[in-house]
Amino acid sequence: MNYQKEFKESLENPEKFWKEKAREVPWYTFPKKILTRDEKGFFRWFEGGKLNTCYMCLDYHVENGRGDQAALIYDSAVLGTVKTFTYAELRSQVALFAGILKQRGVKKGDRVVIYMPMVPEAAIAMLACARIGAIHSVVFGGFAPHELSIRIDDAKPKAIISASCGVEFQRIIPYKPLIDKALSLVEQKPEFHILLQRSMHQAELSGENEIDWDDAMANAKEADCVEVDAHDPLYILYTSGTTGKPKGVIRDNGGHAVAMKYSMGASYGTYEGEVFWAASDIGWQVGHSYTVYGPLIAGCASVFFEGKPVRMPDAGTFWRIIEQHRVKALFVAPTAIRAIIKEDSEGKLLKKYDLSNFRYLFVAGERCDSATFDWASKMLGVPVIDHWWQTEVTSPMLCNMAGYGLSPIKPGSVSRPVPGYDVRIVDGNGKVLGPGEEGYVVVKLPLAPGSFPTLWNDDKRFRESYLSHFDGYYMTGDGGYRDEENYFYITGRIDDVINVAGHRLSTSEMEEIVATHPAVAECAVVGIEHQLKGQRPVGMVVLKDGETISQEELEKELVALIREKIGAIAFFKTAIIVNRLPKTRSGKTLRKIIRKMADGQTFDMPSTIEDPVTLDELREYLKKNKVGMAFDS
Ligand code: COA
Ligand code: AMP
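Described below are features of the structure shown in this document. A quick note: this is a predicted structure, and the numbers were derived from the prediction, not measured.

### Considerations on the site of ligand 2
- Taken together, 16 residues lie around ligand 2, and Asp386, His387, Thr391, Arg493 and Arg504 are the ones closest in.
- With respect to ligand 2, the backbone of His387 contributes an N or O atom lying 2.6 Å from a nitrogen atom.
- The separation between an oxygen atom of ligand 2 and a polar side-chain atom of Gln390 is 2.9 Å.
- In isolation ligand 2 exposes 490 Å². Once the protein is present, 92% of that is buried.
- Grouping the constituent residues of the shell around ligand 2 by class yields five nonpolar, five polar and six charged.

### Here's the deal with the packing of helix α5 (residues 120-132) against helix α10 (residues 285-297)
- Two elements in contact, α5 and α10, have axes separated by 11 Å at closest approach and are oriented at 55°. Judged on the interaxial angle alone, α10 and α5 are oblique. Classified by chirality, the crossing of α10 by α5 is right-handed. Between α5 and α10, the residues in contact are Ala123, Met126, Leu127 and Ala130 and His288, Val292, Tyr293 and Leu296, respectively.
- Looking at side-chain class alone, the contact of α5 with α10 contains seven nonpolar, one polar and no charged residues.

### Looking at the packing of aromatic side chains
- In this structure the tally under the stated criterion is 39 aromatic pairs.
- Relative to Tyr293, the ring of Tyr235 lies with its centre 6.1 Å away and its plane at 15°, an arrangement referred to as stacked. Of this pair, Tyr235 sits in strand β14 (residues 233-239) while Tyr293 sits in helix α10, placing them 58 residues apart in sequence. For the pair formed by Tyr235 and Tyr293, the shared burial category is buried.
- Ring geometry for Phe462 versus Tyr466: centroids 6.0 Å apart, planes at 50°, classification tilted. Pair noted here: Phe462 and Tyr466 are both in helix α14 (residues 459-467), with a separation of four residues, about one helical turn.
- The exposure class of Phe462 is buried, given its relative accessible area of 5%.
- The ring of Phe30 has Arg23 sitting right over it, with the charged end atom 4.7 Å from the ring centre.
- The positively charged end of Arg151 is found above the aromatic ring belonging to Phe143, 4.5 Å away from the centroid.

### Observations regarding the state of the cysteines
- Applying the stated criterion across every chain yields a total of zero disulfides.
- With no disulfide of its own, Cys300 lies closest to Cys57 among cysteine sulfurs, the gap being 11 Å.
- The buried category is assigned to Cys300, whose relative accessible area is 0%.

### Some thoughts on the sheet that holds strand β17 (residues 301-306)
- In spatial order, the strands read β5-β4-β17-β16-β18-β19-β20; together these seven strands make up an open sheet with mixed pairing. With partners counted over all chains shown, the strands left at the sheet margins are β5 (81-86) and β20 (384-386), one partner each. The sheet shows a mean angle of 20° between the axes of neighbouring strands, direction not considered.
- Where strand β16 (residues 275-278) and β17 come together, two bridges link them in parallel fashion. Paired with Val275 across the bridge in β17 is Ala301.

### Considerations on unusual backbone geometry
- Between Met312 and the following residue, Pro313, the backbone shows a cis peptide bond with an omega angle of -5°.
- Omega for the bond connecting Leu445 with Pro446 falls within 30 degrees of zero, at 0°, which places this linkage in the cis form.
- Note that Pro446 resides in the loop between β22 (439-444) and α14.
- Phi at Arg311 takes a positive value of approximately 60°, unusual for a residue other than glycine.
- Phi is positive for Asn457, which is not a glycine, with a value near 60°.

### Brief notes about the sheet that holds strand β21 (residues 422-426)
- Here we have four strands laid out as an open sheet, ordered β21-β22-β23-β24, and antiparallel in their pairing. At either end of the open sheet lies a strand with only one pairing partner, and these are β21 and β24 (488-493). Averaged over all pairs of adjacent strands, the angle between strand axes in this sheet comes to 50°, irrespective of strand direction.
- Where strand β23 (residues 473-482) lies against β24, five bridges are found, and the strand directions are antiparallel.

### Observations regarding the pattern of salt bridges
- For the structure on display, the rule yields 33 salt bridges.
- Where Glu274 meets Lys328, a salt bridge forms, and the shortest distance between an N and an O atom there is 3.0 Å. Here Glu274 is found in the loop between α9 (253-266) and β16, whereas its partner Lys328 is found in strand β18 (residues 327-332), with 54 residues between them in sequence.
- Here Lys328 falls in the buried class, since its relative accessible area comes to 14%.
- Put simply, Arg493 and Asp495 hold a salt bridge, and the shortest N to O gap is 2.6 Å.
- Salt bridges here are not isolated pairs; linked through shared partners, they connect Asp59, Arg91, Arg131 and Glu222.

### Some remarks on the pairing of β21
- Burial runs high along β21: four of the five residues are buried.
- As defined by bridge partners, β21 adjoins β22 across five bridges and the pair is classed as antiparallel. For Asp422, the partnering residue across the bridge sits in β22 and is Lys444.

### Side note on α5
- The end-to-end C-alpha distance of α5, which contains 13 residues, comes to 19 Å, matching closely the 18 Å that a straight helix rising 1.5 Å per residue would cover.
- Most of α5 is tucked away, with 13 of its 13 residues classed as buried.
- Directly after α5, the chain includes Gly133, whose backbone phi takes a positive value near 80°.

Criteria and thresholds
Residues numbered from 1 in each chain as written. Chains lettered and ligands numbered in written order. Predicted model: local features only at pLDDT ≥ 70, side-chain atom pairs only at ≥ 80, totals over all residues. Heavy atoms only, no water. Near = heavy atom within 4 Å. Polar contact = N/O pair within 3.5 Å; in protein donor to acceptor, adjacent residues only side chain to side chain. Areas by Shrake-Rupley, 256 points an atom, 1.4 Å probe, with all protein chains shown as cover. Nonpolar A, V, L, I, M, F, W, Y, C, P; charged D, E, K, R; others polar. Axes fitted to C-alpha atoms, helices over the stretch in contact; angles between N-to-C directions. Helix = DSSP H or I, 4+ residues; strand = E, 2+ residues; numbered from the N terminus. Parallel < 35°, antiparallel > 145°, perpendicular 65-115°, else oblique. Left-handed = near helix turned anticlockwise from the far one by under 90°. Contact = heavy atoms within 4.5 Å. Phe/Tyr/Trp six-rings, centres within 6.5 Å; stacked < 30°, edge-to-face > 60°. Buried < 20%, exposed > 50% of the residue type's maximum accessible area, 1.4 Å probe, protein only. Lys NZ or Arg CZ within 6 Å of the ring centre and 35° of its normal. Disulfide = S-S within 2.5 Å. Pairing = 2+ DSSP bridges. Salt bridge = Lys/Arg side-chain N within 4 Å of Asp/Glu carboxyl O. Expected span 1.5 Å × (residues − 1).

The structure is reproduced here in structure tokens:
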């Protein structure tokens, strides 16, 4: 296969291109039409196709003699254990769990919220939903009850699936109190709750609608795969947008299956029988696509990792796993590599392991800084492939594609567009820009299969957030430029989304929460650079007249408030009292300038700025308190 030929074909004749790719997955009924528009005018793929995603992931492989092959390798650095599920074992567990859901009345189209740590039962629950045509919505276990409740209110699930606890560094986090709190906040409670008891902490269950996972499994009967339509939703995954309300990204069954199968080979160069590892929590898109669905649809073994790259027990854990499970390709956020470098900069732990089966390191989720790229390239001796995508689209849009044979790697670039994605750079008026010119990163419609058809319950927001900026283009929210060879460079978000340790969060949401503090008159939260986590949020607060709360006290309270409402993952540690926020004359807060200042970058003072004195004040504060990379010692 040749990249240039395939890319050209995908843009000139998308229906022919994707029809061929669609033949690679086992449909019950092959689609009647490849690309259509629905009654709302949104593009849809594979109309008339009938399938079941769980069948494609499990039963199909068992039927084809791969039942004894490893499907999921659960490696828990937290527990120091490994448990491998073959395709036959995983199919049977999933069919039983699907039987429980079915018996309790969950049917095609019902929603099920999954709020779990990285235990294999989380993947079993996801696949069980897919098996009976229910729509799962996984909520990252690090989110606080408030966040969970927002998602429950929007998805209105029939059931919630959880576990008794998660484990962080030397800390057990009981989940049941978090769920109970979330349920006390929602408008409509799920009908029942199934909870997996873990040995390190048992939760108290009460009433007949709180069900013990093991008890239910002991009496369960297997459920068969239910035929669904290509356009039926497989899952909803909430992601941060530019307001406090997260966006419910819908993934349909048909486009998703084709995108998963295609990308596993074409982008990741990993095929049936080989071992793939996406070291992401299943609460994020990477976990959905490349820890669960992608590797299984492709017949690979997927490493399902519970833990952190460091201190569990040390910074050699990733390399131990690559050796032990013969991992061919690893996908991580650069922050994980930075955490390893911090503890093992000379790679002494790494040298203890045999990485001879390892072929590729893929990084995405945030910018890969050159120090991390250089270290990984040198130490691992494999190509380090920085690639780019978003929750909205399920699979890479810009990637140096291993399946076509890698093209030269250019450090700092996320490489060229993946077939099916006509990525362009445009200016504010939608004019397409040439090489070297920085602008908005957009993608010409239609997006490739697997991309979201719309947002759950919110077509209006789908149109406004993504389609209304530039006619005929999908607005990614990122800025960037490309070079003469069509290699792209991402310069960062142009909106209020930040990426903290690979977790996508919204600064607007943090602003909304900070603004609820009784002493706060006005505030701004910006994401500034952070050596380990890539970005971190910093709040700037103007107090109400007459308020006498001290800087220290306010900061403590706001830190606690964000932890309570969003969760510790927000990494909100700094809130600064200022006299005024730097604003333009029209009243717009100059977030970009604040960010640049904290990052120690140069910036032009806009002529419209109302009060440059505020910036000096802020600069002094940042310096004095060592906030921001530029001032970190
Ligand atoms: N449940 C509950 N709490 C959680 C949690 C979860 N699932 N995940 C994180 N937290 C908490 C942590 O305990 C920590 O709390 P603390 O402030 O009380 O210590 C806080 O949230 C921040 O966690 P995290 O961002 O994970 O930071 P860390 O210092 O614990 O670990 C890294 C740093 C870099 C090792 C870790 O973030 C990491 O491995 N990141 C990679 C993520 C990734 O690969 N994502 C893939 C997406 S492409
Ligand atoms: P998420 O939806 O969590 O995958 O986050 C998507 C966002 O992460 C993108 O819009 C980018 O801002 C950022 N991102 C993802 N991959 C990269 C990358 N390789 N380089 C720079 N930023 C990236």
